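Listed below, chain by chain, are the residues.
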Amino acid sequence: MEKWTTENIPDQTGRIAIVTGSSSGIGFEAARALAEKGATVILAVRNSEKGKAAGEKILEKHKDADLALMTLDLASLESIAAFAEEFAENFSRLDLLINNAGVMAPPYGKTADGFELQFGTNHLGHFALTARLLPILEGTAGSRIVNVASGAHKYGKLDFDDLAWEKRKYKKWSAYGDSKLANLYFTYRLDKLLRQNKSGVIATAAHPGWTATELQRNSGIADFLNGFFAQDIPMGTLPTLRAAIDEELFGGEYIGPDGFMEMRGYPVEVESNQLSNDEAIAERLWDVSEELTGLKFDFGEKANTASG
């Protein structure tokens, strides 16, 4: 079977991609690969100095790369709204939205809007960003949304009575698993609604396996084990790129490494766990996410802003 690599990415000239969390790790590598193929890439980053350094690093090797740096804090609904408004003012199309940014297993904290930090950033932030950008995506033929999940979804189980971890003792890895499970519920529900509304946009998901990135900085054991199990960042980025580019995908697919326990290897379609495919939970999470963010998805409305 052919091993999918960046060589499978066709020319991307004329296409516009947003990659969240592109100042380092998988986001940086995805942005670099797409820019190398000719795409206009928006580096959507929380820290503008790190984003600037990332852009300069890409330009060192690809002097003709077409990059734009934009500030985005996914832990702030206000920042997300400002980002979407600025993007709409400067760009008339959006071919790829790669929802990659995230936090992993930090100490307990809350977003600017009072959500538990991991759920609020990893899920609700990208939910709100996608809602605000959907009209532009729907106005762009062949556009795609990619949500970067994780094998950690397998130890997630949402507690709708305590999404902010205010009643329970906080368990940072369980909270991380919840946020990654939410990424999959979001993807699968979004894919279903896009199909029902006969949208031309498709939604896919990916996970990088065990990849040595900065995300592990809050976990000594994961950081330590990187040296034994982790694959390098370019390999770990391939599932995201395949989910974003492969023309044989039609929405709802989940792409991950083909190796042992999906920890490393080349990107193939994989299966998430049974719980992640519970449509009733996905629908409930969608409704709760709309309520918490104050946003609804305007399927079929090709405008520059989402309602809310």
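Every value quoted in this text rests on a predicted model; they were computed, and no experiment measured them. (Residues numbered from 1 in each chain as written. Predicted model: local features only at pLDDT ≥ 70, side-chain atom pairs only at ≥ 80, totals over all residues. Heavy atoms only, no water.)

**What about the pairing of strand β7 (residues 254-257)?**
Of the pairings in the sheet, the one linking strand β6 (residues 202-206) to β7 comprises 2 bridges and is parallel in character. Bridge assignment links Ala205 to a residue of β7, and that residue is Tyr254. Pairing analysis gives 3 bridges linking β7 to strand β8 (residues 267-269), with the strands arranged antiparallel. Pairing of Ile255 across the sheet is with Glu269, part of β8. (Pairing = 2+ DSSP bridges. Helix = DSSP H or I, 4+ residues; strand = E, 2+ residues; numbered from the N terminus.)

**A short note on the environment of Lys172**
Relative to the helices and strands, Lys172 is located in helix α5 (residues 172-196). When the C-alpha atoms of Lys172 and Gln118 are compared, they prove to be 8.6 Å apart, with 54 residues separating the residues in sequence.

**Regarding the sheet that holds strand β3 (residues 66-71)**
Across the sheet, which stays open at both edges, the 8 strands sit in the order β3-β2-β1-β4-β5-β6-β7-β8 with mixed pairing between neighbours. Looking at strand neighbours, the two that pair on one side only are β3 and β8, the edges of this open sheet. Across the sheet, the mean angle from the axis of one strand to that of its neighbour is 20°, orientation sign disregarded. Note that strand β4 (residues 96-99) and strand β5 (residues 144-148) share 4 bridges and pair parallel. Along β5, the bridge assignment pairs Ile98 with Val146. Lying on the sheet, helix α2 (residues 48-61) is in contact with β2 (40-45) and β3; it crosses β3 at an angle near 175°. (Axes fitted to C-alpha atoms, helices over the stretch in contact; angles between N-to-C directions. Contact = heavy atoms within 4.5 Å.)

By themselves, these figures tell us nothing about what the structure is for.
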